[in-house]
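Structural characterization, general
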Amino acid sequence: LVNLMVKRFVILGASGFIGTNLVQQLKIKGQNFLAPNSYELNLVNRSSVAELGKLYKQGDHIIILAGLSPYRGNDIKSFSNNLTVIGKYLILLHL
């Protein structure tokens, strides 16, 4: 990871395999980051766009690693929830 003069990284899905390794590297590099867990910011809930909007600051870089794993339900509902999460992120980009 290179210091990109980023104010802060906002990592969604930091508790997964890739996310935990990313957080570890950001700590080593002394980078500023925020990694809310799913209890602090449940992206499937309707209120999550407003909550994420409150956390987001001008100049932040958002990294999305969040998604429902197949072992939590490999069905249309899980797929739909993953699309909901992505849609909410796209809404935030337009704020």
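None of these values were measured; they are calculated from a predicted model.

Thoughts on a nonpolar patch on the surface
Together, I76, F79, L83, I86 and L90 make up an exposed nonpolar region whose accessible area comes to about 520 Å². With respect to the helices and strands, the residue I86 is situated in helix α3 (residues 76-93).

Observations concerning the sheet that holds strand β1 (residues 9-12)
With respect to topology, three strands assemble into an open sheet ordered β2-β1-β3, the strand pairing being parallel. Every other strand in the sheet has two partners, leaving β2 (33-34) and β3 (61-64) as the edge strands with one partner each. Taken strand by strand, helix α1 (residues 17-29) contacts β1, β2 and β3, and its axis lies near 160° from that of β1.

Remarks on the pattern of salt bridges
Scanning the entire structure with this criterion turns up one salt bridge. With its nearest N and O atoms 2.7 Å apart, the salt bridge here joins D60 to R8. Taken together, the positions of D60 in the loop between α2 (48-55) and β3 and R8 in the segment before β1 put the pair 52 residues apart, joining distant regions of the chain. You can call R8 buried: its relative accessible area is 10%.

Definitions and limits used
Residues numbered from 1 in each chain as written. Predicted model: local features only at pLDDT ≥ 70, side-chain atom pairs only at ≥ 80, totals over all residues. Heavy atoms only, no water. Patch = residues over 30% accessible without salt bridge, like charges linked within 9 Å, V, L, I, M, F, W, Y side chains within 5 Å. Areas by Shrake-Rupley, 256 points an atom, 1.4 Å probe, with all protein chains shown as cover. Salt bridge = Lys/Arg side-chain N within 4 Å of Asp/Glu carboxyl O. Helix = DSSP H or I, 4+ residues; strand = E, 2+ residues; numbered from the N terminus. Pairing = 2+ DSSP bridges. Contact = heavy atoms within 4.5 Å. Axes fitted to C-alpha atoms, helices over the stretch in contact; angles between N-to-C directions. Buried < 20%, exposed > 50% of the residue type's maximum accessible area, 1.4 Å probe, protein only.

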